[in-house]
Amino acid sequence: MEHRPPKRALEFLRWFCKEEHLEEIEGNLLELYELNAAESERKANRAFYKDVLLHFRPTYIRSFTFFIRLNNTHMLKNYVKIAFRNFVQNPLYALLNVFGLSIGITFSLLLLLGIYDHLTIDRFHTEGDQIYTAYFHGLEEDGSIPFVQGTCPYALYTTLQEVAGVEKTVYVEDWWGDMMLEKDGKLYKENGVCGTPSMFNIFSFPLVEGTIENTRSNQQTVFLSSDAATRMFGRNWAGKVIGKTITINDEYEVTVAGIFENIPKKSSFRFDVLLNVETLLSERGEAFLTNWGWKSATVYTKLAKNVDPKAVADQINPIYAKAKGHGVGGDAVLFFPFEDNFLYTQFENGIAVGGQIDYVKIFLGAALFLILIACINFINLSTAQASKRAKEVGIRKTVGAEKSSLVFQFLTETGLLIFLTTLLSLVAAYYFVPSINELTDKNIHLPLDNPLFWGILLTFGGVLTLLAGLYPSFVLSSFNPINALKSGPSSRFAHEKIRKGLVVFQFVLSATLIISTIVVNNQIHYIKNKNFGLNRNNIIHFSLPDAFKDKYQPLKNQLESNSAITHVLKTTSLPTDVNSIGVGYTWEGMDDPEDGGYYYQLYTEFGFEEVFGIEMREGRFFDKNIQSDVNGVVINEKALDFINLENPVGKVITQKNDGQQMTILGIVKNFPFKGLHKEVEPLMIHALPEVGDNVIIKSTPEETANTIALLEKSWKEVIPNYPLEFNFLDDTYAKMYQSETAIGTISQFMATIAIIISCLGLFGLVTFTAAQRAKEIGIRKVLGASSIGILELLSKDLMKLILIGLAIAIPFSWLGTNEWLQGYAFRVELEWWMFAIAALITVVIALATVSFQSIRAAWVNPVEVLKRD
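Residues numbered from 1 in each chain as written. Predicted model: local features only at pLDDT ≥ 70, side-chain atom pairs only at ≥ 80, totals over all residues. Heavy atoms only, no water.

The subject of this paragraph is the overall build of the protein chain. When you go through the protein chain residue by residue, the secondary structure sums to 29 helices and 25 strands. Considering only contacts within the protein chain whose residues lie at least 6 apart along the sequence, 77% involve residues at least 24 apart. (Helix = DSSP H or I, 4+ residues; strand = E, 2+ residues; numbered from the N terminus. Contact = heavy atoms within 4.5 Å.)

What follows is about the pattern of salt bridges. Here the structure, examined in full by the defined rule, presents 18 salt bridges. Across the pair R231 and D272 runs a salt bridge whose closest N-O atoms are separated by 3.7 Å. Placement of R231 in helix α10 (residues 226-233) and of D272 in the loop between β8 (252-260) and β9 (273-276) is noted, with a sequence separation of 41 residues between them. Put simply, K674 and D577 hold a salt bridge, and the shortest N to O gap is 4.0 Å. You can see K674 sitting in the loop between β22 (661-668) and β23 (683-687) and its partner D577 sitting in the loop between β15 (565-571) and β16 (581-583), a full 97 residues away along the chain. Overall, the relative accessible area of 35% leaves D577 in the partly exposed class. Linked through salt bridges whose partners overlap, the residues forming this network are R123, E339 and D340. (Salt bridge = Lys/Arg side-chain N within 4 Å of Asp/Glu carboxyl O. Buried < 20%, exposed > 50% of the residue type's maximum accessible area, 1.4 Å probe, protein only.)

Here S225 lies in strand β6 (residues 221-225). Residues within four places of S225 in sequence aside, it is in contact with I259, F260, N262 and D272.

What follows is about the environment of I845. Topologically, I845 is positioned in helix α28 (residues 832-859). For I845, a relative accessible area of 31% corresponds to the partly exposed category. Here the alpha-carbon distance between I845 and C759, two residues 86 residues apart in the chain, equals 7.7 Å. Excluding residues within four positions of it along the chain, I845 makes contact with I755 and C759.

Moving on: the pairing of strand β3 (residues 166-183). Here 6 bridges tie β3 to strand β10 (residues 298-303), and the two strands are oriented antiparallel to one another. When the bridges of β10 are listed, Y171 appears paired with V299. Relative to strand β4 (residues 186-195), β3 runs antiparallel, the two being bridged by 9 bridges. When the bridges of β4 are listed, M179 appears paired with E190. Between the end of β3 and the start of β4, which pair antiparallel, lie 2 residues, with D184 showing a positive phi angle near 55°. Relative to strand β7 (residues 245-248), β3 is paired through 2 bridges, and the arrangement is antiparallel. Residue pairing for β7: E182 is matched across the bridge by T247. (Pairing = 2+ DSSP bridges.)

Attention now goes to the nonpolar core. Among the nonpolar cores identified, the biggest contains 106 residues, and F612 and M750 are the most heavily contacted of them. Here this core takes 14 residues from helix α19 (residues 496-529), the largest share from any one element. With residues up to four places along the chain from it excluded, the contact list for M750 reads F107, L111, A366, L370 and L513. Membership of the second largest hydrophobic core comes to 47 residues, among which are A155, A228, L280 and A297. (Core = buried A, V, L, I, M, F, W, Y, C linked by side-chain atoms within 4.5 Å.)

Quick look at helix α3 (residues 41-54) now. The end-to-end C-alpha distance of α3, which contains 14 residues, comes to 20 Å, matching closely the 20 Å that a straight helix rising 1.5 Å per residue would cover. Of the positions making up α3, those classed as buried are A44, F48, D51 and V52. An end-on view of α3 places all buried positions within 95° of arc, on one side of the element. In α3, the exposed positions angled more than 90 degrees off the buried face are occupied by R42, K43, R46, K50, L53 and L54. The elements touched by buried residues of α3 are α1 (7-16) and α2 (19-39). (Expected span 1.5 Å × (residues − 1). Arc of directions from axis to C-beta.)

Inspection of the secondary structure puts N249 in the loop between β7 and β8. Not counting the four nearest positions on each side in its chain, N249 is found in contact with W176, M179, M180 and A547.

Let's shift gears to the environment of Y824. For Y824, the location among the structural elements is in the loop between α27 (787-821) and α28. The exposure class of Y824 is buried, given its relative accessible area of 2%. In this structure the C-alpha to C-alpha distance between Y824 and K678, which are 146 residues apart in sequence, comes to 6.4 Å. Excluding residues within four positions of it along the chain, Y824 makes contact with Q523, I527, L676, H677 and E740.

What follows covers the packing of aromatic side chains. By convention here, two paired aromatic rings are described through the distance between centres and the angle between planes. Applying the stated rule across the entire model yields 43 aromatic pairs. Ring geometry for Y154 against Y157: centres 5.3 Å apart, planes inclined by 55°, an arrangement best described as tilted. With Y154 and Y157 both in helix α7 (residues 154-160) and 3 residues apart, this pair spans about one turn of that helix. Residue Y157 is classed as buried on the basis of its relative accessible area of 9%. Grouping aromatic residues by their ring pairs yields a cluster made of F124, F200, F203, F205, F223, F260, F269, F271, Y300 and F338. Over the aromatic face of F288 sits the side chain of R284, whose NZ or CZ is 4.5 Å from the ring centroid. The positively charged end of K570 is found above the aromatic ring belonging to Y552, 4.8 Å away from the centroid. (Phe/Tyr/Trp six-rings, centres within 6.5 Å; stacked < 30°, edge-to-face > 60°. Lys NZ or Arg CZ within 6 Å of the ring centre and 35° of its normal.)

Structure representation (structure tokens):
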């Protein structure tokens, strides 16, 4: 039995291979094929394809002049003229291609700009690859790492300065938030941190005036940003600020030691005031300086070149293991590259696995999806025009045109179209960027002045030209001239299977985006509207600076005197974002006295449970009429699981460090006080009215406007010289999920764009089918076929392709969205209706597109069709 190798593979080999190698290579491959085919023809075919592709390398590929034989530039000019003439003669085709490609390129470009912005955060620092962030982590007996946390003690900062391989170190307390600055009796609110002046030695935050040497003789110092200096000293502050005295938080009188340039938006942490931590050390005492358990700051270190951060950690960990406070908040230290801090915030077993990098992957996938869909759309529309270009190809081949020149001609048309489309996309992106920045609070911009950008854009255009134009070019250039001149392109060149496969793939991508959009938006709605055991409605909050602690009670009295306000209280943290952790607790009957676990700590006033609608599992909350309740504690169900006490109400918990005893008053039901991404952690709630700087105001539902007016009036009376900034708790909560909201909005755009582009491709395929079967349709109509019958004839096969695409998309979408939802401890469940709605949307839109073109074909006069050549 004679075996024949794959025809396409053999043609491809003969097309690219040099003459001097072709005979030998072809003979060898054919002999090898015969041997393989004797065992299995299917395996032999696969092996033949593989062998041909392996020979597609520079040694055997013919010279470029074989592919493109241009006698002079006049030939190229002629191709351009033909391209423009073709665009004019087929305006609908050109418009659909430009529209589909421009949408795909525009939004892919915007997504890629957003990705670039994400990837360049914190990358502007000189020698930034030598800067590391210190983390502490737990360590189990089997070597596994159960958690990683980023707060560090001052003792780590001082120890690092004595370790080999360390050049510089900085200590930063970045939890200060708004600071109150006073100059000449006037108050200013500025975003501040407390840290060491070595900040300006490690990071590229240039000093405009002053030096850190100014802090050696005077440790009571502060550094201001240019904007802060302008606000406090006016526009002409240059040369007049260094040495000036200001007061911070009505407590620290400090001297301005330097002015630094405004921190760019490309920085993951930004501030306008740096208070020298040396200002506070004398009042914090020896324990703060030496106790490794006092973890309240971030420590960054710059290592010498080629120093392994693990080697530095190995020097620190033995010291830490013998120090006081070891194990509080972590058993060992590790150093993580600072430039990756923004992208990676989630760790598993000590390895960075997620964070903002997840959004980068999502946006990159969406950009690739759009480009692929746009290219498939272009291919379908281009091949749909085959019947109109057949005679042109036939005549050109008859007069001697080679296939390579035809391929180059059609690639020239594609390149010209993509060039014009890319210019249009640049203009569109330029106008979209401000809206994207407003939506995402980014500083994205088109780097039009960067030669690298244009180089990448040109490369992108070239790749896109090949990706979108190569297949249609080969299809059009492959027409048999005799058949083309007689009756148009033969079915042999229709490549129906490939074209249909592209349509299926296109709708797989589109349906995937639609399903993902439905799931993402359902999760966002769930996040925003679910109570989760914590009422967020009609609650206003603001921060009260330490300098105004004595003003709290007069302010509270004024506010509570109005019936529109039901409660006013203070807390150390908002119940949606509790950060303080306490360790070292014991209780009667505990299994391991050395393992007291860790518990998040929230200090508040009486009435907390009424304001936030906290549900009790057992026991009670604090009662202001019972004086002993200040020594009580309310824990959540998660803490009870760890403490594991029967009948816990009334039992005593002791803090090992100071021996303080607390009586368990009640158990509250779990609520997500650390966001919805993480499982609920153990929580202790304490009644301690004198601490806390977050003021919470609860109003009646109908009196929100009156509450705001009363707050502003009372504030001006009690604290007249300091600006009031307040927020609604539900708005603050929503900002915690700003990234998810942005993803939801962008996914809606992407899904809409994908379905539009896909329908354009479907439109092209229907056009092609109608043109191919025009005479068949005419004959059917003459024989009595109805328009509905013609519609069914043209649309049923295409609807099968769409259903196949849905059948493939649904399981892939389920896997992808389920994986995304696993990042939330509180999440919606994937339900059948989410996929059903996506399928219905896809089918209805696609059917409308198919029906429109099919009806046009069905209404054509059959006499006119049958008269055509």
